[in-house]
Amino acid sequence: MTIRVVVAEDQSAVRSGLVLILGSAPDIEVVGEAADGEEAVARARELRPDLVLMDVQMPRLDGVSATRQVVGEGLADVLVLTTFDLDEYVFGALRAGAAGFLLKNTEARDLIEAVRTVARGEGLIAPAVTRRLIAEFASPRPLRSADAPDPAVLDVLTRREREVLACLGQGLSNAEIAVRLEMAEATVKTHVSRLLGKLELRSRVQAAVLAQELGI
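S.K.: Which residues make up the overall build of the protein, and what values go with them?
M.R.: Per the secondary structure count, the protein includes 10 helices and six strands. Buried positions account for 45% of the 216 residues belonging to the protein. Within the protein, contacts between residues separated by at least 24 positions form 65% of all contacts whose residues are at least 6 apart in sequence. As displayed, the protein offers around 10600 Å² of accessible surface, 50% of which is attributable to carbon and sulfur atoms.

S.K.: Give a description of the sheet that holds strand S1 (residues 3-8) that names residues and reports values.
M.R.: Taken in spatial order, the six strands of this open sheet run S2-S1-S3-S4-S5-S6, and their pairing is parallel. The strands lining the two open edges of the sheet, one partner per strand, are strand S2 (28-34) and strand S6 (124-125). When S1 meets strand S3 (residues 51-54), the two strands line up parallel, connected through four bridges. Residue pairing in the sheet places Val7 in a bridge with Leu53 of S3. Each of S1, S2 and S3 touches helix H2 (residues 37-47); the most contacted strand, S2, lies at about 135 degrees to it. Helix H3 (residues 63-72) rests against S3 and strand S4 (77-82) of the sheet, and its axis sits at about 170 degrees to S3.

S.K.: Quick rundown of the packing of H2 against H3? Include the residues and the values.
M.R.: For the pair H2 and H3, the least separation of the axes is 9 Å and the interaxial angle reads 15 degrees. With respect to H3, the axis of H2 lies roughly parallel. Handedness of the crossing formed by H2 with H3: right-handed. Contact residues: H2 offers Gly37, Val41, Ala44 and Arg45, while H3 offers Ala66, Gln69 and Val70. Residue composition of the contact of H2 with H3, by class: four nonpolar, two polar and one charged.

S.K.: With reference to specific residues and values, describe helix H5 (residues 108-119).
M.R.: Across its 12 residues, H5 extends 17 Å between first and last C-alpha, which sits within 8% of the 16 Å expected from 1.5 Å per residue. Buried within H5 we find Leu111, Ile112, Ala114, Val115, Thr117 and Val118. Immediately downstream of H5, the backbone of Gly121 shows phi near 95 degrees, a positive value.

S.K.: Break down the environment of Ser203 for me, with residues and values.
M.R.: Note that Ser203 resides in the loop between helix H9 (185-199) and helix H10 (204-214). Take Ser203: its relative accessible area is 7%, and that puts it in the buried class. Taking the C-alpha atoms as reference points, Ser203 and Arg95, separated by 108 residues in sequence, lie 9.4 Å from one another. Leave out the neighbours within four places in its chain, and Ser203 touches Gly97, Ala98, Ala99 and Leu196.

S.K.: Describe the pairing of S4, listing the residues and the values that go with them.
M.R.: Every other side chain in a regular strand lies on the same face of the sheet, so the side chains alternate between the two faces. Most of S4 is tucked away, with five of its six residues classed as buried. Traced from S3 through H3 to S4, the parallel crossover comes out right-handed.

S.K.: Please set out unusual backbone geometry residue by residue, giving values where relevant.
M.R.: A positive phi angle, close to 55 degrees, is found at Glu182, a residue other than glycine. Along the chain, Glu182 turns up in the loop between helix H8 (174-181) and H9.

S.K.: Give me the lowdown on the environment of Ile216, citing residues and values where you can.
M.R.: Relative to the elements of secondary structure, Ile216 occurs in the segment after H10. With relative accessibility at 40%, the residue Ile216 sits in the partly exposed group. With 53 residues separating them along the chain, Ile216 and Glu163 place their C-alpha atoms 8.7 Å apart.

About the criteria used
- Residues numbered from 1 in each chain as written.
- Predicted model: local features only at pLDDT ≥ 70, side-chain atom pairs only at ≥ 80, totals over all residues.
- Heavy atoms only, no water.
- Helix = DSSP H or I, 4+ residues; strand = E, 2+ residues; numbered from the N terminus.
- Buried < 20%, exposed > 50% of the residue type's maximum accessible area, 1.4 Å probe, protein only.
- Contact = heavy atoms within 4.5 Å.
- Areas by Shrake-Rupley, 256 points an atom, 1.4 Å probe, with all protein chains shown as cover.
- Pairing = 2+ DSSP bridges.
- Axes fitted to C-alpha atoms, helices over the stretch in contact; angles between N-to-C directions.
- Parallel < 35°, antiparallel > 145°, perpendicular 65-115°, else oblique.
- Left-handed = near helix turned anticlockwise from the far one by under 90°.
- Nonpolar A, V, L, I, M, F, W, Y, C, P; charged D, E, K, R; others polar.
- Expected span 1.5 Å × (residues − 1).
- Right-handed = clockwise from strand over helix to strand, strands pointing away.

Note that all results are geometric; they support no functional claim without further evidence.
If you want it as structure tokens, here you go:
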């Protein structure tokens, strides 16, 4: 199956390079381009791609806000690509519902594989960003009442769904969860889909962040 992608990047030279890289993959088709966040949302509404490759810093509407609209309307998955790994961008993009976060120094082959991974429904965060996330959650800090999730939100989950959520918090793929919990990979996908629905989350990456915040 061909993965249909919209590339949103305000620098034309960089955008052309991304289009060239993705177009070299036989299973990826770039169906549209956008030079700012508003155009990215419009292209997503018009073309209904499988994925939007979204830059963070763009004119008119930034990539985090554009991601929130694209994901909120159920238009496509979003893979954020940026030169910045600052926490405000990482957490902003993930909370907006991005399914993945990569830095622009990612090798071409890794970018292509990241698009495939997100298109399969798997979350993906660049290793450097993952280390920052782990450090953030591992560091002792006072809970902020406005931000801290209520553990009671997990009451809607079955025991098995909680186990799957804990695995997501550890960054495991569906295949790895299947091995860990001794179940079929198709069953894992079902559990992930159900827990996302019950918790009203937009992506498995958001589920992983929630698991980390709740310490499960």
